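The lines below spell out each chain.
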Protein chains: 2
Amino acid sequence: MKRRSLGTPSGFRDLLSEDANIKSWLVKTISDVYKKWGFLPIETPLVEFTETLAGEVTDFNLYSVIPSKERQTGSAKSLSLRFDQTVPLARFVVDNMDKIALPFKRYVYGPVFRGETAQIERGRYRQFDQLDVDIVGSSNIASDIEILLCMRDTMRSVLGDDSFIIRTNTRKLLNCLPVLFNFSEANLRAVLIELDKRDKVTAESLISSLTGAGLKSTDAEKLAEFGSISGKPIDVLEKIKNICGNLPEAAEAISDLEITANTLVSCNATEIMFDMSIIRGLGYYTGMVFETNLVNAPQFGSVYSGGRYDGLVASFGVQPLPAVGSSVGVDRLIAALQSMNFKIPGEAKKAIVLIQDSVVIDYAFQVADKVRSLGITCEVYTGGKKKLGDQFAYADKLNYDFTIVVGPNEMQNGTVNIKNQKTKVQETMVLSEINFI
Amino acid sequence: MKRRSLGTPSGFRDLLSEDANIKSWLVKTISDVYKKWGFLPIETPLVEFTETLAGEVTDFNLYSVIPSKERQTGSAKSLSLRFDQTVPLARFVVDNMDKIALPFKRYVYGPVFRGETAQIERGRYRQFDQLDVDIVGSSNIASDIEILLCMRDTMRSVLGDDSFIIRTNTRKLLNCLPVLFNFSEANLRAVLIELDKRDKVTAESLISSLTGAGLKSTDAEKLAEFGSISGKPIDVLEKIKNICGNLPEAAEAISDLEITANTLVSCNATEIMFDMSIIRGLGYYTGMVFETNLVNAPQFGSVYSGGRYDGLVASFGVQPLPAVGSSVGVDRLIAALQSMNFKIPGEAKKAIVLIQDSVVIDYAFQVADKVRSLGITCEVYTGGKKKLGDQFAYADKLNYDFTIVVGPNEMQNGTVNIKNQKTKVQETMVLSEINFI
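Counting from 1, residues in each chain are numbered in the order their sequence is written. Chain labels run from A onward and ligand labels from 1 onward, assigned in the order the entries are written. Per-residue local features of the predicted model are confined to residues with pLDDT of at least 70, and side-chain atom pairs are confined, for both listing and counting, to 80 or more; whole-chain, interface and lining totals are unaffected and use all residues. In computing side-chain properties, one takes all heavy atoms of the structure into account and sets aside hydrogens as well as water.

As a further point, take the overall build of chain A. Helices and strands together make up the secondary structure of chain A, namely 16 helices and 17 strands. The buried share of chain A, taken over its 437 residues, is 58%. A contact between two residues is defined here by any heavy atoms of the two lying within 4.5 Å. Within chain A, contacts between residues at least 6 apart in sequence are counted, and of these 68% link residues at least 24 apart. Only the protein chains shown count as cover for residues, and all accessible areas are computed by the Shrake-Rupley method using a 1.4 Å probe. By element, 49% of the accessible surface of chain A is carried by carbon and sulfur atoms, the whole surface being about 17600 Å². When charges are counted, Lys and Arg contribute as positive and Asp and Glu as negative, whereas His and the chain ends are disregarded. The atoms used to mark charge sites are NZ of Lys, CZ of Arg, CG of Asp and CD of Glu. If the 49 positive side-chain charges of chain A are averaged to one point and the 53 negative ones to another, these points end up 5 Å apart. For helices the rule is a DSSP run of H or I covering at least 4 residues; for strands it is a run of E covering at least 2, with both sets numbered from the N terminus onward. A 1.4 Å probe rolled over the protein chains alone gives each residue an accessible area, and that area as a share of the maximum for its type sets the label: buried under 20%, exposed over 50%, partly exposed in between.

All names here are of chain A. With seven of seven residues buried, strand β10 (residues 288–294) lies mostly within the body of the structure. Alternating residues of β10 divide into Met288, Phe290, Thr292 and Leu294 and Val289, Glu291 and Asn293, and every residue in both groups is buried. Two elements, strand β7 (residues 164–170) and β10, share seven bridges in a ladder whose sense is antiparallel. The partner of Thr170 across the bridge, within β10, is Met288. What makes two strands pair is DSSP finding at least two bridges between them. As paired strands, β10 and strand β11 (residues 304–308) are joined by two bridges and run antiparallel to one another. When the bridges of β11 are listed, Phe290 appears paired with Gly306.

What the domain assignment reports for chain A is domain 1 (17–176 + 247–339) and domain 2 (350–433). In this structure, domain 1 of chain A and domain 2 of chain A have C-alpha centres spaced 47 Å apart. In this entry, domain limits derive from an automatic or database-based domain assignment.

Residues and elements named next belong to chain A. Aromatic contacts are taken between Phe, Tyr and Trp rings whose centres are within 6.5 Å, Trp giving its six-membered ring; a plane angle under 30 degrees counts as stacked, one over 60 as edge-to-face, and the others as tilted. Overall, the coordinates contain 20 aromatic pairs over all chains when judged by the stated rule. Between Phe12 and Tyr63, the ring centres sit 6.0 Å apart and the planes meet at 55°, which makes this aromatic pair tilted. In this pair, Phe12 sits in the segment before α1 (17–36) while Tyr63 sits in strand β3 (residues 63–67), placing the two residues 51 residues apart along the sequence. Each member of the pair, Phe12 as well as Tyr63, is classed as buried.

Strands sit in the order β1-β5-β6-β12-β11-β10-β7-β9-β8 (chain A) across an open sheet of nine strands; the sheet is mixed. Each having just a single partner strand, β1 (40–41) and β8 (230–231) of chain A make up the two edges of the open sheet.

On to the relation of the copies chain B and chain A, then. Taken as rigid bodies, chain B and chain A are interconverted by a rotation of 180° and an axial shift of 0.0 Å, the fit giving an RMSD of 0.0 Å. Accordingly, the operation relating the two chain copies is best matched by a two-fold axis. The rotation axis passes nearest to the C-alpha of Val65(B) in chain B, at a distance of 2.4 Å. In superposing the copies, a least-squares fit is computed on C-alpha atoms, taking residues whose pLDDT is at least 70 in both.

This paragraph deals with the pattern of salt bridges. Take a side-chain nitrogen of Lys or Arg and a carboxyl oxygen of Asp or Glu: if they are within 4 Å of each other, that pair is a salt bridge. The final tally for this structure, using the stated rule, is 52 salt bridges over all chains. The shortest N-O distance in the salt bridge between Lys23(B) and Asp129(B) comes to 2.3 Å. Of this pair, Lys23(B) sits in helix α1 (residues 17–36) while Asp129(B) is found in strand β6 (residues 127–136), placing the two residues 106 residues apart along the sequence. Here Lys23(B) and Asp129(B) have matching classes, each one buried. For Glu194(B), the salt bridge is made with Lys197(B), and the minimal N-O distance between the two is 3.5 Å. A relative accessible area of 35% means that Lys197(B) is categorised as partly exposed. Look at the salt bridges and you will find they share partners, linking Arg152(A), Arg156(A), Asp162(A), Glu271(A), Asp369(B) and Arg372(B) into a network.

The subject of this paragraph is the sheet that holds strand β13 (residues 350–355) of chain B. Remark on secondary structure: sheet strands pair via backbone hydrogen bonds, oriented parallel or antiparallel. Residues and elements named next belong to chain B. The five strands lie next to each other as β14-β13-β15-β16-β17, forming an open sheet whose pairing is mixed. In the strand order of this sheet, the two ends are held by β14 (377–380) and β17 (426–430), each with one partner. This sheet shows a mean twist of 25° between the axes of neighbouring strands, independent of strand direction. Across five bridges, the pairing between β13 and strand β15 (residues 402–406) is parallel. Pairing of Ile352 across the sheet is with Thr403, part of β15. Axis definition: a line fit to C-alpha positions, over the contact stretch in the case of helices; interaxial angles, taken between N-to-C directions, run 0 to 180 degrees.

Counting from both sides, the interface comprises 117 residues of chain B and, opposite them, 116 residues of chain A. Interface area for chain B against chain A, summed over the two sides, is near 9900 Å², with a carbon-plus-sulfur share of 57%. Buried area is understood as the total, over both parts, of accessible area removed when two parts are fitted together, assessed with a 1.4 Å probe. Counting the surface chain B buries against chain A, the share from its top three residues, Arg4(B), Lys36(B) and Thr382(B), is 8%. Viewed at the interface, chain A and chain B are joined by eight salt bridges. Ionic pairing is found between Arg91(B) and Asp14(A), a salt bridge with its closest N-O pair at 2.7 Å. Asp, Glu, Lys and Arg are counted as charged, while Ala, Val, Leu, Ile, Met, Phe, Trp, Tyr, Cys and Pro are counted as nonpolar; the rest, among them Gly, fall into the polar class. Here the side of chain B that touches chain A is built from residues that sort into 53 nonpolar, 31 polar and 33 charged. Relative to strand β3 (residues 63–67) of chain B, β3(A) is paired through five bridges, and the arrangement is antiparallel. By the bridge assignment, Pro67(A) is partnered in β3(B) with Tyr63(B).

The topology assignment puts Gln85(A) in the loop between β4 (79–81) and α4 (86–95). Aside from chain neighbours lying at most four places away, what touches Gln85(A) is Thr44(A), Arg106(A), Val108(A), Tyr109(A), Gly110(A), Val112(A), Gln130(A) and Asp132(A).

Compared with an ideal rise of 1.5 Å per residue, which puts 20 residues at 28 Å, α1(A) spans 28 Å between its outermost C-alpha atoms and is within 8% of the ideal. In the segment just after α1(A), Gly38(A) is the residue with positive phi, at about 85°. In a helix, the anticipated span is given by 1.5 Å times the number of residues less one.

The next thing to look at is the packing of helix α9 (residues 203–212) of chain B against helix α10 (residues 217–227) of chain B. Residues and elements named next belong to chain B. Close contact between α9 and α10 brings their axes to 9 Å; oriented N to C, the two are set at 125°. As summarised for this structure, α9 and α10 are arranged oblique, according to the angle between their axes. Classified by chirality, the crossing of α10 by α9 is right-handed. For the pair α9 and α10, contact is made by Leu206, Ile207, Leu210 and Thr211 and by Ser217, Ala220, Glu221, Leu223 and Ala224, respectively. Looking at side-chain class alone, the contact of α9 with α10 contains six nonpolar, two polar and one charged residues. Note on terminology: angles under 35 degrees are roughly parallel, angles over 145 are roughly antiparallel, angles of 65 to 115 are roughly perpendicular, and the others are oblique. The sense of a crossing depends on the near helix, which, turned anticlockwise from the far helix by less than a right angle, makes the crossing left-handed and, turned clockwise, makes it right-handed.

Residue and element names in this part refer to chain A. Contact geometry of α1 with helix α5 (residues 141–159) gives a least axis separation of 9 Å together with a crossing angle of 140°. Between α1 and α5, the angle falls in the class oblique. The two elements α1 and α5 cross, and the hand of that crossing is right-handed. Residues Trp25, Leu26, Thr29, Ile30, Val33 and Tyr34 of α1 pack against Cys150, Asp153, Thr154, Ser157 and Val158 of α5.

Cis rather than trans, the peptide bond between Leu102(A) and Pro103(A) has omega equal to -5°. Inspection of the secondary structure assignment puts Pro103(A) in the loop between α4 and β5 (104–113). Phi is positive for Asn182(A), which is not a glycine, with a value near 55°. Within the secondary structure, Asn182(A) sits in the loop between α7 (177–180) and α8 (188–196). Given the relative accessible area of 46%, Asn182(A) is considered partly exposed. Residue Asn399(B) is not a glycine yet carries a positive backbone phi of 60°. Summarising the element assignment, Asn399(B) is placed in the loop between α15 (388–397) and β15.

All right, on to helix α12 (residues 251–266) of chain A then. Residues and elements named next belong to chain A. The end-to-end C-alpha distance of α12, which contains 16 residues, comes to 23 Å, matching closely the 22 Å that a straight helix rising 1.5 Å per residue would cover. The set of residues buried in α12 consists of Ala253, Ile254, Asp256, Leu257, Thr260, Ala261, Thr263 and Leu264. Of the residues one or two after α12, Asn268 is the one with positive phi, at around 55°.

This is the structure in structure tokens:
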């Protein structure tokens, strides 16, 4: 028998129960919110044609996938693992246009793959999960607002309180920066890259790099000040209106921000701010952009980000379909929650039936059935003829709340010995009247 | 802008909302049962070292995975997509031995990949999902029974009734066939392959192929008869005892079957049968084997199968760790349920807010917030300035139960117009007193 390899490849990892438990709770909690907002689940395969993935928007390193049968011939079309959920969404919409209703509102959960160097200490893996929510087929600001308010509802459901801040901005306004601050359209990308660093550098350093990107120093100062505008949507809107005046290029951005601000007030969404320093690195955003930070774990950065990307579906060569969406960084959110000692709310109590003698196996299973019928998680100790001491050690290692010892006497009398592992209180009960305190 | 590929590669597919919805319900329902039985979730990566996967038990075609960065050098260790969840479990247990308690009870959900020719019409895809439950580290029959009873609880939770049959047998008994029916040990594999076909061939044809595999014709007749033994565990046990007498080689098998039969009676598990024709094709089973059929969709074959495999973990070159488990064929079960017109129980009612005029967007979101607070799924129509007729068509296409039209008058009066799309009953209500019938 050949001895096999151990360990996982670099950038790929096992999830032990504690992490897997919090992840499945998180995915369920968030999916339930998405469902309640009328989003529908879909799935796309993990493997796509390389041509589908390799568009102009990606500089991620793809993983090639080669089926054994086709390895020799090399005739088959090249396949790769997906690197995100957004490009497959665009492909899905075009492929299934006759089966969906527009606007198409979907959520999706699953792994994506990046063939980059793994940086485990920074939480950067080659396989990680994305949980995305998107609306395809509407350029109406109502769909941006739907995503924004749904993000707020999601974070509330996860945290159980309001200890988060969602910050939003619009690329439509950022696109007016050359007109507003007198620099060349060609320098916009470089300016945005500098502005994006605002949080990490001094005001002087920002102004100096903005002049380096082609701004006069007075304009650079003004732009740095503009980048620091942040706060309640209604207040920020007033400031923006003052800066933009009646500039025709800014009219659409201001209208979007105004409808959004009014709706946020209507829905009492005090966790959502306008923030002119929100840029989002990726090139494909065209309208609103979103980021989410945890008040009690700001060091993890944004755990839930997105925006409007109106050009992506058109890159499949069919009609343009505007889209807006947001993605939960599942692994980063888990890491942030764990740094806050987060506990899954309302987890069921757990009991284990320990077996004094193997002749009572059938009784042990009968007891476990009864316990589960009371809504309590229960397993029978299946490790065989171990001493009771070993069985108690197993129960402790798995953090069981109750142990239930059964032996021949209990079987004959139809009773059980229940012990509360936390209080150490022990009690003998008739099986039919079993209860837990 | 380069035009991208459309379509999915052969054997890979998109799941539309209806299928994805039933799948997520199924996975949640089954995972909840596993949890309640004390099984813990884990995750393993989709990519493993090829050496890990390519052991003696597999003849599945692997998919190679090659990261772009390493394509030139060829120096890295070969990687592949996993073809099942069981080999990764064995690798996981060995790698994480210091972090887990034995017996280790886990469940896992996720896709596996087979580089074989896809047969879409027979539901055979290259990527499909497995939802596995296993116990590693105990050879005690209690762990086989735990899996068996948990399978029963799972099927009950999925179907809501007892319209399924779980059939079980033990390889330990099948290993006695050469002694019981006078043929060479070397022919056992061939004999089992013939016996496995019992359901699909006539008695004559079975007897003739058994003689072809080395049995005398009277023994072949007896073995064919043995293969047809099936029914209530206690009854089958009596028959087996008569056939085996005091044969020492069969003692362990009979003891296992006896403890199992007694426990099934204790737990009133009338859906579980003993059936001597259950073999399970795969070579690695060593003890109990399980199959599950739906009473109302028998043509789909077993939707939930497994057994004891005591040799697998040892193939990693460490101590032998006995194991037993079962796997839900998620995609096959979904297909079977859909053939029975299965409906997800207790799905929430759904409402949609339609917008008469875009000046009322903020009010529309306020209404939706209120509706969701009543536990009803609700979206705001985000498609922009479409006529009400188009918005109603969208609501019908997505099968909404209620439509709520809001316009400037409703906003001013703080009212809503709710229409029950099934009964066509329409009503105007004050927002704060909104309710659904």
